[in-house]
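Structure at a glance
What follows is the residue order along each chain.
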Amino acid sequence: MNLILLGPPGAGKGTQAKILTKKFAIPQISTGDILRSAVKEQTAMGLKAKSYMDSGALVPDDVVVGIVKDRLAQPDCANGFVLDGFPRTVAQADALKQMLAGLGKLIEHVLSIEVDKEDLLGRITGRRTCRSCGRGYHVAFDPPNVAGKCDECGGELYQRDDDREDTMRNRLAVYEEQTAPLIAYYKQESLLRSIKGVGSIEEIQRSILNIIEGCSV
Ligand code: ADP
Ligand code: ADP
Ligand code: ZN
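We now turn to the structure provided with this report. If you're wondering where the values come from, they're calculated on a predicted model, not measured in any experiment. (Residues numbered from 1 in each chain as written. Chains lettered and ligands numbered in written order. Predicted model: local features only at pLDDT ≥ 70, side-chain atom pairs only at ≥ 80, totals over all residues. Heavy atoms only, no water.)

**What about the site of ligand 1?**
Surrounding ligand 1, one finds 18 residues, the nearest of these being Gly10, Lys13, Thr15, Arg127 and Tyr137. A distance of 2.5 Å separates an oxygen atom of ligand 1 from a polar side-chain atom of Thr15. For ligand 1, the protein covers 92% of the area, taking 560 Å² as the surface of the free molecule. Within the residue set of the shell around ligand 1, elements represented by two or more residues are helix H1 (13–24), strand S6 (136–138) and helix H9 (201–214). Looking at which element gives the most residues to the shell around ligand 1, the answer is H1, with 3 residues. Along the lines of polarity and charge, the residues of the shell around ligand 1 split into 7 nonpolar, 7 polar and 4 charged. (Near = heavy atom within 4 Å. Polar contact = N/O pair within 3.5 Å; in protein donor to acceptor, adjacent residues only side chain to side chain. Areas by Shrake-Rupley, 256 points an atom, 1.4 Å probe, with all protein chains shown as cover. Helix = DSSP H or I, 4+ residues; strand = E, 2+ residues; numbered from the N terminus. Nonpolar A, V, L, I, M, F, W, Y, C, P; charged D, E, K, R; others polar.)

Okay, here's the thing in structure tokens:
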């Protein structure tokens, strides 16, 4: 099952992707997570990406396309994958189409999670992220069992620098300008499945499963 999760920052893509990964035993491919670990490891790619990420801008297309190309070629993607946070521009979507054609794969559903701006602000400012495994939490809506510690791996929870208010507003503007056009793009390809992203994490997961199971290809 080859899926794309589309939606603004804070819509719940990462949260839903992690649940899908467990349920269907397919990997989550989060370009944000991969870039954050490159920044942490101070690789050449991480050093290049950092300034873009810090300002809330998108990292150049060739960098993220290269990441996804390498990742999709790994054997664990044979039975499917969940793309989380990629593509984010029309150029990335075109590049993805090409690379999938080369691999003989097709996207089955583009799950577009829709959340109002006001809700997004509350979600992003309350988000806490595990330094070790990348799992997201929320101080009010999805708190860990032990404050400051990841339930899955015991890692330390922190607030991403780009989740602070000023950077976050820029990320939302970048989304509107560069990523929202993908909604029309995938509608035209008959792949778009819209999901109301308001409700509990479980309710949204149920809507996603209804789509996946209701019209499985
Ligand atoms: P994205 O990957 O789209 O940026 P996340 O999955 O990291 O979004 O979710 C953003 C924040 O909102 C996190 O703190 C997460 O715990 C919280 N969250 C996710 N889904 C919901 C939901 N349905 N209701 C309330 N909070 C949510
Ligand atoms: P969120 O979960 O809030 O949507 P991500 O973790 O996906 O944020 O992305 C964090 C940052 O990493 C982005 O603001 C951007 O700088 C960079 N990034 C991640 N994915 C991409 C992508 N597909 N194209 C360009 N930049 C990306
Ligand atoms: Zn963790």
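**Things to note about the site of ligand 2**
Taken together, 19 residues surround ligand 2, and among them Thr31, Arg36, Ala57, Gln92 and Arg171 come closest. Within the backbone of Ala57, an N or O atom sits 2.6 Å from an oxygen atom of ligand 2. Burial of ligand 2 by the protein amounts to 96% of the accessible area it has alone, namely 560 Å². The element that contributes the greatest number of residues to the shell around ligand 2 is helix H2 (residues 31–41), accounting for 4 residues. When grouped by side-chain class, the residues that make up the shell around ligand 2 number 8 nonpolar, 4 polar and 7 charged.

**Quick notes on the packing of aromatic side chains**
Evaluation of the coordinates by the stated rule reveals 1 aromatic pair. Sitting above the plane of the Tyr158 ring, Arg131 keeps its charged end 4.2 Å from the centroid. (Phe/Tyr/Trp six-rings, centres within 6.5 Å; stacked < 30°, edge-to-face > 60°. Lys NZ or Arg CZ within 6 Å of the ring centre and 35° of its normal.)

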